[in-house]
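In case you want the letters, here they are:
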Amino acid sequence: MSIDSRVFPDEQLPEGSVVDGETVTSPIDETFDFVVIGSGAAGGTAAWTLVQAGYSVAIVEEGPWVKTREFDRRIFPSFKRMFREAGTQALMGNSIIPLLQGRVVGGSTLVNSAIVWRTPDDVLDDWSKNWGLGGAITERDLDPHFAAIEEELKVHAVLDEALGENNRLFVDNSFKGGFVGTRMRRYENACKGAGQCLTGCPNAAKQGMNVSYVPWSLRKGARIFTSVRVDRVAIKNGRAVGVVGSTTATNPKHAKKIPVVVHARRGVFLAASTIQTPNVLRRSGIKNPHLGEHFMAHPGLGLPGIFGQKVDMHFGATQGAETIDFRKSERFKLETISMQPELAAVRIPGVGRELVSRLTTLPHAAIWVAQIRATAQGSIRPGFGGRDMVRYSMAKEDVAAARKAAALIARLFFESGAKEVWPGIHGLPEIIRSMDEVKLIENAPLDSRHYSFIASHLFGAARMAASERDGVVGLDFSTHAAKGLYVVDSSIFPTNLGVNPQHSIMGLARLAATRVAADPLAIAAA
Amino acid sequence: MTDQPRAITALEYKWARATLGTIYPAAPEAGVTQGIADMDLAGFIDELAEALPAITFFGIRLFLLLVALSPLFVIGKPRTMAGLGEKDREAVVWKIGHSDIYLVRQMVMALKATFAFFFGGGAELQAICRSAEPDRAKLLPLGRKNAA
Ligand SMILES: Cc1cc2nc3c(=O)[nH]c(=O)nc-3n(C[C@H](O)[C@H](O)[C@H](O)COP(=O)(O)OP(=O)(O)OC[C@H]3O[C@@H](n4cnc5c(N)ncnc54)[C@H](O)[C@@H]3O)c2cc1C
Ligand code: SF4
């Protein structure tokens, strides 16, 4: 057996910097300048920014810390440790849309594909003009933050050696579909194209928060409480003064929940993600008619195309090629993705031996996906047993955009030399074999129940607005109802984006934390 | 290998094996000699019961039960899935999976998705799908202007 002698960034952390809720035996009661709830894109960035400004910071994370050395490319063992509800959550509405979220140190950045997009100008203009954000968040404000993050997290386009055939086919043939396909820009340092982004990068090449801002913050004095769920933010005299929660140990030996209180001298940053943040706010006594409303998403729809030659999706960046040419005109973005058989099976036609035989043709499959900039809005409420309940139904125009994208992908597959396309649309043949048959997709019913969507880009539900009448969070990122309670994840976004959200979330979190760190009122409150 | 999951009854397990073994059987002609019922399905069911929220696991259990008891309504045969031959079992699962009623076909979709986590991770399939790394030289250079 070979022993990997590399030292990963999530190892050799300062003594005492990680308090593991799975092993603590007595109640925790500690005090810091700031408490950050969540260690994902938003929380990791906020923590790192505050630490660099010289503050003492506690990060409180509901999930465990799964280290690079422990990553397991098998899907289920990974999903049950790293994903909320083992990856079985769903948006419930006209149709059931599976919902993926990380619940682990690093949040969804540990399991995502690290695709980078700055917030498009038209979105910032829209927020400014139509959503009352005025000059609070402009391109000029954000640009230096994006640039700093891109430098720190080594953002660059996928290199030749990590591209892989699935991505190459898309880039090389995109002109046949009348658009420009490009390599993605990603947060990664020496990606080896292991295609395992979804179960954690075994090379620590992907710069998720678990191997970047979180350990960097700990090395500069921050502390993280893992496997600790924040139940509510403590609010006193209209100001956030800390968090109250308990351990979430999964180990039966430590199954008893242990109370955790972390006091905040200067403020609390809430970065629990679009789905969890509204319910944390509710449990903290925040009231606002917009809380939990206006939830938006980019439902994704993937089509496999089967080639005569081998594609070997498992080699190459998990997601490595894309186009935003249709973002404004048609409200969708196209991307490639690679999938292991454990996930691809559900998109493979048939049952029985037919299904199993087709599974063995996966080495010949490429999968291309459309992310729909959907107009639909949903709501988030508390569910049973502390879970989160999301109600969401796609609008007809969103399904129309998805159908158009599916037809375009199918056409591009055939132009690229695919022998078969598996549309996965109820009522259509399970396999189409020619360009002529793409018409069937073009005429498919506009009913979301006929398609298989999946959601991982999430927005809204605690939106930002200048006044309490129009939104939950003010232009200073603090809730209108309680000062010093800063919300920095995409729950504050007035709309969705049409591009992948992580960079926008990080840019806004960095902007917010920088402003708060420099705010004399926050200092005075100490 | 676990003989009987702790999380469901022996009868439910018998039905689960029949239904899931129909969705994911062996396909020796394609190099897959082990169907899901030949694998440690009982162990996986217990793992699911531990990992999923109770309500989600209850849903899976309910779907397994409904499909197992459905042959009378689907193909007109008054048996459970476990009492049918392979062809009939496949017809039942196929028909439910292609039903025009959304919630009915979702039952098979949910079972297909959940148990793919297990079946898709089987050694034979993994070996087939993760065959040797392709020859990198063949992948280069890019044909068009999009080189990084
Ligand atoms: C599979 C997948 C692929 C994706 N690919 C991309 C991509 O390539 N590019 C991109 O831009 N976006 C991508 N996304 C989306 C992106 O990862 C998310 O938008 C982003 O991570 C959200 O950041 P966040 O900080 O709001 O939430 P998260 O990153 O999800 O982090 C929130 C954290 O808060 C913790 N938390 C929640 N509630 C509590 C509580 N009560 N107490 C304590 N902790 C709590 C959670 O456990 C979690 O760790 C992907 C998402 C997924 C799931
Ligand atoms: S493709 Fe592989 S090496 Fe590259 S970032 Fe993802 S997991 Fe890491």
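Residues numbered from 1 in each chain as written. Chains lettered and ligands numbered in written order. Predicted model: local features only at pLDDT ≥ 70, side-chain atom pairs only at ≥ 80, totals over all residues. Heavy atoms only, no water.

When you go through chain A residue by residue, the secondary structure sums to 14 helices and 23 strands. Taking 526 residues into account, the globule formula puts the C-alpha radius of gyration at 24 Å, and chain A, at 22 Å, falls close to it. Overall, the C-alpha framework of chain A stretches about 70 × 60 × 40 Å when taken along its three principal axes. Among the 526 residues that make up chain A, the fraction classed as buried is 63%. For chain A, the share of sequence-separated contacts (at least 6 apart) that also reach a separation of at least 24 residues comes to 75%. Looking at charge distribution, chain A has the averaged site of its 60 positive side-chain charges lying 4 Å from that of its 53 negative ones. (Helix = DSSP H or I, 4+ residues; strand = E, 2+ residues; numbered from the N terminus. Rg over C-alpha atoms; globule rule 2.2 N^0.38 Å. Buried < 20%, exposed > 50% of the residue type's maximum accessible area, 1.4 Å probe, protein only. Contact = heavy atoms within 4.5 Å. Lys, Arg positive; Asp, Glu negative; His and termini not counted. Charge placed at Lys NZ, Arg CZ, Asp CG, Glu CD.)

With that out of the way, let us pick up the interface of chain A and chain B. Taken together, the contacts link 58 residues of chain A with 54 residues of chain B. Interface area, chain A with chain B, both sides summed: about 4800 Å², of which 64% is carbon and sulfur. For the chain A face of the interface with chain B, the top three residues by lost area are Phe 76, Val 351 and Arg 353 of chain A, together amounting to 15%. In this assembly, chain A and chain B are joined by 2 salt bridges. Note that Lys 80 of chain A and Glu 47 of chain B form a salt bridge whose closest N and O atoms lie 2.7 Å from each other. Of all the elements, helix α10 (residues 352-359) of chain A adds the most residues to the side of chain A that touches chain B, at 6 residues. (Buried area = accessible area lost by both parts, 1.4 Å probe. Salt bridge = Lys/Arg side-chain N within 4 Å of Asp/Glu carboxyl O.)

Residue and element names in this part refer to chain A. Around ligand 2 sit 14 residues, and of these Cys 191, Lys 192, Ala 194, Cys 197 and Cys 201 come closest. When its residues are assigned to classes, the shell around ligand 2 shows 6 nonpolar, 5 polar and 3 charged. Residues from two domains meet in the shell around ligand 2; each of domain 1 (16-91 + 99-154 + 198-294 + 457-518) and domain 2 (157-188 + 296-376 + 395-452) gives at least three. (Near = heavy atom within 4 Å. Nonpolar A, V, L, I, M, F, W, Y, C, P; charged D, E, K, R; others polar. Domains from an automatic or database assignment.)

A few words on the site of ligand 1. Residue and element names in this part refer to chain A. Lining the immediate environment of ligand 1, one finds 38 residues, of which Ala 42, Glu 61, Ser 108, Asn 112 and Gln 502 sit closest. Glu 62 places a polar main-chain atom, nitrogen or oxygen, 3.1 Å from a nitrogen atom of ligand 1. Mapped onto the shell around ligand 1, the elements with two or more residues apiece are α1 (41-52), β10 (228-236), α7 (277-283) and α13 (502-517). If you tally residues by element for the shell around ligand 1, the top one is β10, at 3 residues. Residue composition of the shell around ligand 1, grouped by class: 17 nonpolar, 14 polar and 7 charged. (Polar contact = N/O pair within 3.5 Å; in protein donor to acceptor, adjacent residues only side chain to side chain.)

Residues and elements named next belong to chain A. In this sheet, strand β11 (residues 239-247) lies alongside β10 in antiparallel orientation, the contact comprising 8 bridges. In the strand pairing of β11, Val 230 is matched with Gly 245. Linkage of β10 to β11, two consecutive antiparallel strands, is achieved through a turn of 2 residues, within which Asn 237 is found at a positive phi near 50 degrees. (Pairing = 2+ DSSP bridges.)

We now examine the environment of Gln 502 of chain A. Residue position: Gln 502 of chain A is located in helix α13. Residue classification places Gln 502 of chain A among the buried positions, given a relative accessible area of 8%.

Covered by surrounding structure in strand β5 (residues 96-99) of chain A are Ile 97 and Leu 99 of chain A only, the residues Ile 96 and Pro 98 of chain A on the alternate face being uncovered. Counted along the chain from strand β4 (residues 89-92) of chain A to the antiparallel partner β5 of chain A, the turn is 3 residues long.

What follows is about a nonpolar patch on the surface. A cluster of nonpolar side chains, Met 92 and Ile 96 of chain A together with Ile 101 and Leu 103 of chain B, forms an exposed patch at the surface whose accessible area comes to about 350 Å². Inspection of the secondary structure assignment puts Met 92 of chain A in strand β4. (Patch = residues over 30% accessible without salt bridge, like charges linked within 9 Å, V, L, I, M, F, W, Y side chains within 5 Å. Areas by Shrake-Rupley, 256 points an atom, 1.4 Å probe, with all protein chains shown as cover.)

Right, let's get into the nonpolar core. One finds Phe 295 and Leu 334 of chain A together with Tyr 24 and Phe 115 of chain B to be the most contacted residues of the largest nonpolar core, which totals 119 residues. The leading source of residues in this core is helix α11 (residues 396-415) of chain A, at 12 residues. Viewed by domain, this core spans two of them, domain 1 (16-91 + 99-154 + 198-294 + 457-518) and domain 2 (157-188 + 296-376 + 395-452) of chain A, each represented by three or more residues. Dropping the residues within four chain positions of it, Phe 115 of chain B is found in contact with Leu 20, Tyr 24, Ile 36, Leu 41, Phe 44, Ile 45, Leu 48, Ile 60 and Leu 64 of chain B. Core analysis: the next-biggest nonpolar cluster, separate from the first, contains 87 residues, Val 19, Ala 47, Ala 58 and Leu 497 of chain A among them. (Core = buried A, V, L, I, M, F, W, Y, C linked by side-chain atoms within 4.5 Å.)

Below, the discussion takes up the domain arrangement of chain A. Residue and element names in this part refer to chain A. Taken as a whole, chain A is organised into domain 1 (16-91 + 99-154 + 198-294 + 457-518) and domain 2 (157-188 + 296-376 + 395-452). Here domain 1 and domain 2 have C-alpha centroids that lie 31 Å from each other. Domain 1 puts 35 residues into the contact, and the matching count from domain 2 is 23 residues. Note on domain 1 versus domain 2: buried area summed over both sides is about 2500 Å², and carbon and sulfur give 51% of it. The tally of links from domain 1 across to domain 2 stands at 2 salt bridges. With a shortest N-O distance of 2.9 Å, Asp 122 and Arg 327 are connected by a salt bridge. Of all the elements in the fold, those that place two or more residues in the side of domain 1 that touches domain 2 are α2 (75-82), α3 (121-130), α4 (139-152), β22 (458-459) and α13. No other element matches α13, which puts 3 residues into the side of domain 1 that touches domain 2. Residue classes in the side of domain 1 that touches domain 2 are distributed as 18 nonpolar, 11 polar and 6 charged.

So, about the environment of Met 82 of chain A. All names here are of chain A. Inspection of the secondary structure puts Met 82 in helix α2. Each C-alpha atom of the pair Met 82 and Val 243 lies 23 Å from the other, and the pair is 161 residues apart in sequence. What Met 82 contacts, discounting residues up to four positions off in sequence, is Val 66, Phe 71, Gln 101, Gly 102, Arg 103, Val 104, Leu 110, Val 111 and Thr 199.

What follows covers the pattern of salt bridges. Opposite charge on two side chains lets them pair, provided their charged atoms get close. Under the defined criterion, the tally for this structure stands at 34 salt bridges over all chains. Taking the shortest distance from any N to any O, the salt bridge between Arg 185 of chain A and Glu 150 of chain A comes out at 3.6 Å. Residue Arg 185 of chain A is located in strand β8 (residues 185-187), and its partner Glu 150 of chain A is located in helix α4; the two are separated by 35 residues in the primary sequence. Its salt-bridge partner being Glu 12 of chain B, residue Arg 61 of chain B comes within 2.9 Å of it at the nearest N-O pair. Of this pair, Arg 61 of chain B sits in helix α3 (residues 54-68) while Glu 12 of chain B sits in helix α1 (residues 10-23), and the two are 49 residues apart along the sequence. Classification of Glu 12 of chain B by relative accessible area gives buried; the value is 13%.

Further remarks concern helix α5 (residues 164-173) of chain A. A large share of α5 of chain A lies buried, amounting to 10 of its 10 residues. Buried within α5 of chain A we find Gly 164, Glu 165, Asn 166, Asn 167, Arg 168, Leu 169, Phe 170, Val 171, Asp 172 and Asn 173 of chain A.

Turning our eyes to something else, we now look at unusual backbone geometry. All names here are of chain A. For Glu 85, which is not glycine, the phi torsion reads 50 degrees and is therefore positive. Positive phi outside glycine occurs at Ala 204, with the angle close to 50 degrees. Summarising the element assignment, Ala 204 is placed in the loop between β8 and α6 (213-219). On the basis of relative accessible area, Ala 204 is assigned to the buried category, the value being 10%.

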